[in-house]
Amino acid sequence: MKLKIQFILMLSVLLVNNAQTQTTSPELAKLIRSVPQIKDTSRLIHTLIEEFELGVDSMAAGFASTIDRFEKVRIHNNQEELILIEYNSHDRAMALLPYKHQFIFNIQGELVSGYQAESFRFIQLNSGESPHLLMQNSTAKGNGWHEMYSWHADSLINVFGGFSDYFPKTYDAHDDFGLNQPFELKFSLKDDNNDGRTDLVFSGNIVAYNHPKTPVEFIFLATRRRGLERFIQKENYSKKYAYLIKKKNH
């Protein structure tokens, strides 16, 4: 099961983060460098679809693709501006879930990385620092997770360690072993171990078979590893809550 989940996580990423940027076509680079103004929305959408071979459901009539975000951003550990584009197909084909593609380009219009997150936001953890990029992802069934990105060695790196196994989840809308309440657990910040660095907290409830409501608080401590600050679970929550995953009728 763990290998299966890891495979799903690999498929969820549209483009692999590389240590080097990927050259885009002169036409796309020119369109991107017009940020924050979109001179030709239809052309930008068409070029993104063609260049990155984005899936489009030809049977989905009445859905108009949009560019939901087109802006300059700064991401933790990077002193240079980047350009973020979010393309939304507004499709409803299950194979194309979540219908959104996020692209990060450098200021020259070269691709840095690409994702397919359901939602994202920028989170400033400590005063004076640029924000991290926090993403919430999910499979079509509702098995979800979070990633949080920082800049390191010329690329965006996911610094959120997550859990040691496939259960529990920070986002869970699939009633297999249980459901989160709310589906996306409440996200907050605090210095849990009083070391002067901000830690991550996900809290809420797990509703599982024979356990109507189990309050949970998952803490991920800021931990320096190999020159990069990562966020590692305070304790083994998969082991701690293993008693919840007994399936129905077992």
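Everything here concerns the structure above.
From a predicted model like this one, the values you see are computed outputs, not experimental measurements.

Topic: the overall build of the protein
Here's step 1: Along its length, the protein carries four helices and 13 strands.
Here's step 2: The proportion of buried residues among the 250 residues of the protein is 46%.
Here's step 3: Expressed as a percentage of contacts within the protein between residues at least 6 apart in sequence, the contacts between residues at least 24 apart total 51%.
Here's step 4: Per element, the accessible surface of the protein, about 13000 Å² overall, is 50% carbon and sulfur.

Some thoughts on the nonpolar core
Here's step 1: In this structure, Met148, Leu200, Phe218, Phe220 and Phe231 are the most contacted members of the largest nonpolar core, which totals 28 residues.
Here's step 2: Breaking this core down by element, the ones donating at least two residues are strand 10 (178–190), strand 11 (199–208), strand 12 (211–225) and strand 13 (228–233).
Here's step 3: Looking at this core element by element, the count peaks at six residues for strand 12.

Considerations on the packing of aromatic side chains
Here's step 1: What the rule picks out here adds up to 18 aromatic pairs.
Here's step 2: Each ring, one from Phe167 and one from Phe177, has its centre 6.3 Å from the other, and the planes form 70°; the classification is edge-to-face. In this pair, Phe167 sits in the loop between strand 8 (155–158) and strand 9 (171–172) while Phe177 sits in the loop between strand 9 and strand 10, placing the two residues ten residues apart along the sequence.
Here's step 3: Classification of Phe167 as buried rests on a relative accessible area of 4%.
Here's step 4: Between the aromatic rings of Phe218 and Tyr237, the centroid separation amounts to 5.0 Å while the plane-to-plane angle is 65°, which identifies the pairing as edge-to-face. Here Phe218 is found in strand 12, whereas its partner Tyr237 is found in helix 4 (residues 237–240), with 19 residues between them in sequence. By the burial criterion, Phe218 is buried, and Tyr237 matches it.
Here's step 5: Grouped by ring-pair contacts, the aromatic residues Phe160, Phe163, Phe187, Phe202, Phe218, Phe220, Tyr237, Tyr241 and Tyr243 constitute a single cluster.

Some thoughts on unusual backbone geometry
Here's step 1: In this chain, Phe167 is followed by Pro168 through a cis amide linkage whose omega measures 0°.
Here's step 2: By the secondary structure assignment, Pro168 is in the loop between strand 8 and strand 9.
Here's step 3: At Ala153, a residue that is not glycine, the phi angle is positive and equals roughly 55°.
Here's step 4: Inspection of the secondary structure puts Ala153 in the loop between strand 7 (143–152) and strand 8.

Examining helix 3 (residues 41–52)
Here's step 1: The terminal C-alpha atoms of helix 3, which comprises twelve residues, lie 17 Å apart, in line with the 16 Å expected from a rise of 1.5 Å per residue.
Here's step 2: Residues of helix 3 that are buried include every one of Leu44, Ile45, Thr47, Leu48, Ile49 and Phe52, and no others.
Here's step 3: For helix 3, the elements touching its buried residues are helix 2 (26–32), strand 1 (66–73), strand 2 (82–88), strand 3 (100–106) and strand 4 (111–115).
Here's step 4: Its side-chain oxygen 3.4 Å from the backbone nitrogen of Ser42, Asp40 forms the N-cap of helix 3.
Here's step 5: Glu53 sits one or two residues past helix 3 and shows a positive phi near 50°.

Rules behind the numbers
Residues numbered from 1 in each chain as written. Predicted model: local features only at pLDDT ≥ 70, side-chain atom pairs only at ≥ 80, totals over all residues. Heavy atoms only, no water. Helix = DSSP H or I, 4+ residues; strand = E, 2+ residues; numbered from the N terminus. Buried < 20%, exposed > 50% of the residue type's maximum accessible area, 1.4 Å probe, protein only. Contact = heavy atoms within 4.5 Å. Areas by Shrake-Rupley, 256 points an atom, 1.4 Å probe, with all protein chains shown as cover. Core = buried A, V, L, I, M, F, W, Y, C linked by side-chain atoms within 4.5 Å. Phe/Tyr/Trp six-rings, centres within 6.5 Å; stacked < 30°, edge-to-face > 60°. Expected span 1.5 Å × (residues − 1). Polar contact = N/O pair within 3.5 Å; in protein donor to acceptor, adjacent residues only side chain to side chain.

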